[in-house]
Amino acid sequence: MAVVEKLDPESRAALGREVPQWRMADGRDAISRTFKFADFNEAWGFMARVAMLAEKQDHHPEWTNVWNKVEITLSTHDAGGLSERDVALAKAIDSLLK
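Below is a summary of the structure that appears in this document.

Conventions used here
Think of each chain on its own: its residues are numbered from 1, step by step along the sequence as written. The predicted origin of the model limits local features to residues at a pLDDT of at least 70 and limits the giving and counting of side-chain atom pairs to 80 or more, whereas totals for whole chains, interfaces and linings rest on all residues. Only heavy atoms go into the side-chain values, all of them from the structure, while hydrogens and water stay out. For helices the rule is a DSSP run of H or I covering at least 4 residues; for strands it is a run of E covering at least 2, with both sets numbered from the N terminus onward. For every residue, the accessible area (1.4 Å probe, protein chains only) is compared with the maximum for its type, and the residue is labelled buried under 20%, exposed over 50%, or partly exposed between those bounds. Here, residues are in contact when the closest pair of their heavy atoms is within 4.5 Å. Accessibility throughout is a Shrake-Rupley quantity obtained with a 1.4 Å probe, and a residue counts as covered only by protein chains that appear here. Buried residues of nine kinds, namely Ala, Val, Leu, Ile, Met, Phe, Trp, Tyr and Cys, make up a nonpolar core once their side-chain atoms join them within 4.5 Å. Polar contact criterion, stated in full: a pair of N or O atoms within 3.5 Å, where within protein one must be able to donate a hydrogen and the other to accept it, and residues adjacent in sequence count only if both atoms are side-chain atoms.

## With respect to the overall build of the protein chain
In terms of helices and strands, the protein chain carries four helices and four strands. The order of helices and strands in the protein chain, counted from the N terminus, is α-α-β-β-α-β-β-α. Its C-alpha atoms give the protein chain principal-axis dimensions of roughly 40 × 30 × 25 Å. Per-residue burial for the protein chain yields a buried fraction of 39% across its 98 residues. For the protein chain, the share of sequence-separated contacts (at least 6 apart) that also reach a separation of at least 24 residues comes to 64%. Of the roughly 6100 Å² of accessible surface on the protein chain, a fraction of 52% belongs to carbon and sulfur atoms.

Structure representation (structure tokens):
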């Protein structure tokens, strides 16, 4: 398995363009986003689709769900912080909403 590197400064500067809905997580080298849906069923369906993406990419999010709200945080533990794997998964998650 290849070594996963933290994002370089140029890639970090591009986050606003690459994944504009995601924000830096408080106190961590991670990105996060909150998703709101009509109800629990819609939120759960979204989580199921995200789970399939994450499994395919072998990169799993930290998340919580309360009724219609799903909060996702992405960070690469092997890299000790934010990596391209997180950006790729964020983009894939965002594509589910289009």
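## Observations regarding the nonpolar core
Ranked by internal contacts, the top residues of the largest apolar core, which has 21 residues, are Trp22, Ile31, Phe35, Phe46, Val70, Ile72 and Ile93. Mapped onto this core, the elements with two or more residues apiece are β2 (31-36), α3 (40-57), β4 (69-74) and α4 (84-95). Once residues lying within four places of it in the same chain are set aside, the contact partners of Val70 are Arg33, Thr34, Phe35, Phe37, Ala43, Phe46, Met47, Thr64 and Asn65.

## So, the environment of Arg23
Inspection of the secondary structure assignment puts Arg23 in strand β1 (residues 23-24). Counting along the chain gives ten residues from Arg23 to Arg33, while the straight-line C-alpha distance between them is 6.5 Å. Excluding residues within four positions of it along the chain, Arg23 makes contact with Ala30, Ile31 and Ser32. A distance of 2.8 Å separates a polar atom in the side chain of Arg23 from the backbone oxygen of Pro20.

Nothing here speaks to function; it is all geometry.
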